[in-house]
Amino acid sequence: MRRQGVPNTREPAAATPAAGTWNVTGTLGNTDRAITLLLTQDGSTLRGTMQGALGSVQIGNGTVDRSGAIRFTASITMTTTEEATFAGTIAGDSMSGNV
């Protein structure tokens, strides 16, 4: 997963910079889906939206720490609505992780 562009501001060194637009690929079932994360950051707290073929949702409980560990939740609706937890790592302009 790669971030597009560079955020206009950087947060203090307390947390790895995560703010910006991230274009990622998520696998739901057997299907890869393009997802855009629009993240804002206040210290170690992340807020933002996740947009893709299934619509747009707010992320919740978002955090990022000094080591680059990122975590957030989002409600995903396919047949039913379920809360999914995303956990991963940011290293420079790359993000990797699991749902």
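Residues numbered from 1 in each chain as written. Predicted model: local features only at pLDDT ≥ 70, side-chain atom pairs only at ≥ 80, totals over all residues. Heavy atoms only, no water.

(A) Inspection of the environment of Leu28 at higher detail. Counting through the fold element by element, Leu28 comes out in strand β2 (residues 20-28). Counting along the chain gives 71 residues from Leu28 to Val99, while the straight-line C-alpha distance between them is 9.1 Å. Discounting residues that sit within four places of it in the chain, Leu28 has contacts with Arg33, Leu54 and Met78. (Helix = DSSP H or I, 4+ residues; strand = E, 2+ residues; numbered from the N terminus. Contact = heavy atoms within 4.5 Å.)

(B) Summary view of the nonpolar core. Grouped together as the largest cluster of nonpolar side chains are 19 residues, with contacts concentrated most on Leu37, Leu39, Met50 and Met95. For this core, the secondary-structure elements that each account for two or more residues are β2, β3 (31-42), β4 (45-52), β7 (69-77) and β8 (81-91). The leading source of residues in this core is β7, at four residues. (Core = buried A, V, L, I, M, F, W, Y, C linked by side-chain atoms within 4.5 Å. Buried < 20%, exposed > 50% of the residue type's maximum accessible area, 1.4 Å probe, protein only.)

(C) Local environment of the pairing of β8. The sheet contact formed by β7 and β8 spans nine bridges and is antiparallel. Of the residues in β8, the one forming a bridge with Thr73 is Thr85. Hairpin connection between β7 and β8: a loop of three residues separates the two successive antiparallel strands. Pairing between β8 and strand β9 (residues 94-98): five bridges, direction antiparallel. By the bridge assignment for β9, Ile90 is matched with Met95. Hairpin remark: β8 followed by β9, antiparallel, with two residues in the connecting loop; positive phi at Gly92, about 65°. (Pairing = 2+ DSSP bridges.)

(D) Expanded view of the pairing of β2. Two strands pair when backbone bridges link them, and β2 and β3 are joined in this way by nine bridges, in the antiparallel orientation. Bridge assignment links Thr21 to a residue of β3, and that residue is Leu38. Between β2 and β3, which follow one another and run antiparallel, lie two residues, and Gly29 among them has a positive phi close to 65°.

(E) Geometry of the packing of aromatic side chains. For the structure shown, the criterion picks out one aromatic pair. Ring plane angle 15° and centroid distance 4.8 Å describe the contact between Phe72 and Phe86, whose orientation is recorded as stacked. Of this pair, Phe72 sits in strand β7 while Phe86 sits in strand β8, and the two are 14 residues apart along the sequence. The exposure class of Phe86 is buried, given its relative accessible area of 15%. (Phe/Tyr/Trp six-rings, centres within 6.5 Å; stacked < 30°, edge-to-face > 60°.)

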